[in-house]
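Fold and geometry: a report
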Amino acid sequence: MKRILALTALLLTLTSCSTNKAALTLVAHDSFVISDELIAKYEKESGNKLTVVRAGDVGAMTSKLVLTKDSPIGDVVYGIDNTFAPVAKKNNVIDGDLVAIDYADVCFNVDLNYFKLHKLNIPKHWNELTKSEYKNLTVIENPNTSSTGLALLASTYAYFDQPKTWWLELKNNGVKVAASWEDAYYADFSGSSGKGNYPIVLSYSSSPADEVNTDGTPRTQSMSNDCFRQTEYAGILSNSKNTGAAKSLIDFLKGVDFQSAMPTSMYVYPVNPDAKLPEAWQRNAKPAVTTIGENLDIQANRDSWLADFNWVFDVAP
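The text that follows walks through the structure, step by step, so that each part is easy to find. (Residues numbered from 1 in each chain as written. Predicted model: local features only at pLDDT ≥ 70, side-chain atom pairs only at ≥ 80, totals over all residues. Heavy atoms only, no water.)

Let us look at the environment of aspartate 257. Tracing the backbone shows aspartate 257 in helix 10 (residues 256-266). Residues aspartate 257 and aspartate 274, spaced 17 residues apart in sequence, show a C-alpha to C-alpha distance of 9.8 Å. Within polar-contact distance, the side chain of aspartate 257 engages the side chain of lysine 41 at 3.4 Å. (Helix = DSSP H or I, 4+ residues; strand = E, 2+ residues; numbered from the N terminus. Polar contact = N/O pair within 3.5 Å; in protein donor to acceptor, adjacent residues only side chain to side chain.)

Written out as structure tokens, the structure is:
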């Protein structure tokens, strides 16, 4: 009888352990990077199986999560930032709280080789981009679909009394509006691998760490005054069937291993103080000197700001 009871207890324990394991799906924006080694480490430590689904830029991803919230396309989301977090909260996309994972400063970047070749002075502030000497040199992102674009939009409302006037001047100065950060940086920007036609791009203060010559000197530089501090979050999606297991994934994203990999894989600053920053970051990826706009009520003003932008640039939301 004791043997039977012992076997029964063992079977119950094994069954209980197996039910704690899950096949988890992480929904992330297109810029999300995680190595096979880190996935394997998470799966070994948790026992869960991890699949990553990329769902566009942050704006497109958030919209998709809102539309599918009753039947979510995953269990955990990574990459909703402080410009789109109010949308997720308003539409009850997240079960519980959003958890900060990383931050980055949205700043304009310049192609140093272009400026040197054309003997141009680098703007001291992005408000100078409407000057004639910078005509047809700048590419930004559409704030309807891009978090970096929305970050700049918020910054202009924090900086100017009449931001529409500045936007009109920028348009008349030949600015290009790209759909996403990936398009702007990797296709349009002349200082990246895409070798595009625009030597000024709306990107991040950390981006220059990825653009260095063989001798270690930087090819690009960020304009570090009055940038926008962008914080990215992870959260458990409402109606997920794996809520318990999903928490282990968020804990992993906050852990030292993943956090230490983020600077070189996604060019963001980790929130974990124990994470290690590479030397290139200490030289070429310093945070912004000043930030602006992140304290505004973006949710309350989003529709009117976007309406202004869409009127200026004649784009659909």
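Moving on from the model shown.
Quick look at the nonpolar core now. In terms of nonpolar packing, the biggest core is built from 81 residues, with Ile80, Phe108, Ile140, Trp167 and Phe258 touching the most fellow members. Excluding its chain neighbours within four sequence positions, the residues that come into contact with isoleucine 80 are Val58, Met61, Thr62, Leu65, Ala85, Ala88, Ile94, Leu98, Thr231, Glu232 and Tyr233. Within the second largest apolar cluster, 5 residues are counted, among which are Ala209, Tyr269, Trp281 and Ala285. (Core = buried A, V, L, I, M, F, W, Y, C linked by side-chain atoms within 4.5 Å. Buried < 20%, exposed > 50% of the residue type's maximum accessible area, 1.4 Å probe, protein only. Contact = heavy atoms within 4.5 Å.)

The next thing to look at is the state of the cysteines. For the structure shown, the criterion picks out 1 disulfide. Residue cysteine 107 pairs covalently with cysteine 227 via a disulfide, S to S 2.1 Å. Since a negative S-S torsion denotes a left-handed disulfide, the cysteine 107-cysteine 227 link at about 120° is right-handed. Here cysteine 107 is found in strand 4 (residues 99-111), whereas its partner cysteine 227 is found in the loop between strand 8 (220-222) and strand 9 (228-236), with 120 residues between them in sequence. By the burial criterion, cysteine 107 is buried, and cysteine 227 matches it. (Disulfide = S-S within 2.5 Å.)

Time to look at empty space enclosed by the protein. Counted under the stated rule, the structure contains 2 cavities of 30 Å³ or more. Volume-wise, the largest cavity comes out at about 50 Å³. If you trace the largest cavity, you find it lined by Val106, Cys107, Phe108, Trp126, Ala151, Leu152, Ser155, Leu202, Asp226, Cys227 and Phe228. Every element with two or more residues in the lining of the largest cavity is listed here: strand 4 and helix 6 (147-159). (1 Å grid on protein atoms, 1.4 Å probe; cavity = no way out; pocket = protein on both sides within 12 Å on 5 of 7 lines; lining within 4 Å. Points joined across faces, edges and corners; volume = space filled by probe spheres on them.)

Quick look at the pairing of strand 7 (residues 200-204) now. When you tally the buried positions in strand 7, you get 5 out of 5 residues, the bulk of the element. Note that strand 4 and strand 7 share 5 bridges and pair antiparallel. Considered in strand 7, the bridge of valine 106 is made with tyrosine 204. (Pairing = 2+ DSSP bridges.)

It is worth spelling out the packing of aromatic side chains at this point. A full pass over the atoms with the stated rule returns 23 aromatic pairs. Aromatic side chains tyrosine 103 and tyrosine 269 sit 5.0 Å apart centroid to centroid with 20° between the ring planes, which places their arrangement in the stacked category. One end of the pair, tyrosine 103, is in strand 4; the other, tyrosine 269, is in strand 10 (residues 269-270), with 166 residues separating them in the sequence. Relative accessible area serves as the criterion here: at 22%, tyrosine 103 is assigned to the partly exposed category. Residues tryptophan 126 and tyrosine 159 carry aromatic rings whose centres are separated by 5.3 Å and whose planes lie at 55° to one another, so their mutual orientation is tilted. Placement of tryptophan 126 in the loop between helix 5 (112-117) and strand 5 (138-141) and of tyrosine 159 in helix 6 is noted, with a sequence separation of 33 residues between them. By relative accessible area, tryptophan 126 is classed as buried at 4%. Residue class for tyrosine 159 comes out partly exposed when judged on its relative accessible area of 33%. Here the aromatic residues Trp126, Tyr159, Phe160, Trp166, Trp167, Phe309 and Phe313 are joined through ring pairs into a cluster of three or more. For the cation-ring pair, arginine 302 lies above phenylalanine 84, with the distance from its terminal atom to the ring centre recorded as 4.8 Å. (Phe/Tyr/Trp six-rings, centres within 6.5 Å; stacked < 30°, edge-to-face > 60°. Lys NZ or Arg CZ within 6 Å of the ring centre and 35° of its normal.)

Just distances and angles here, no functional claims.
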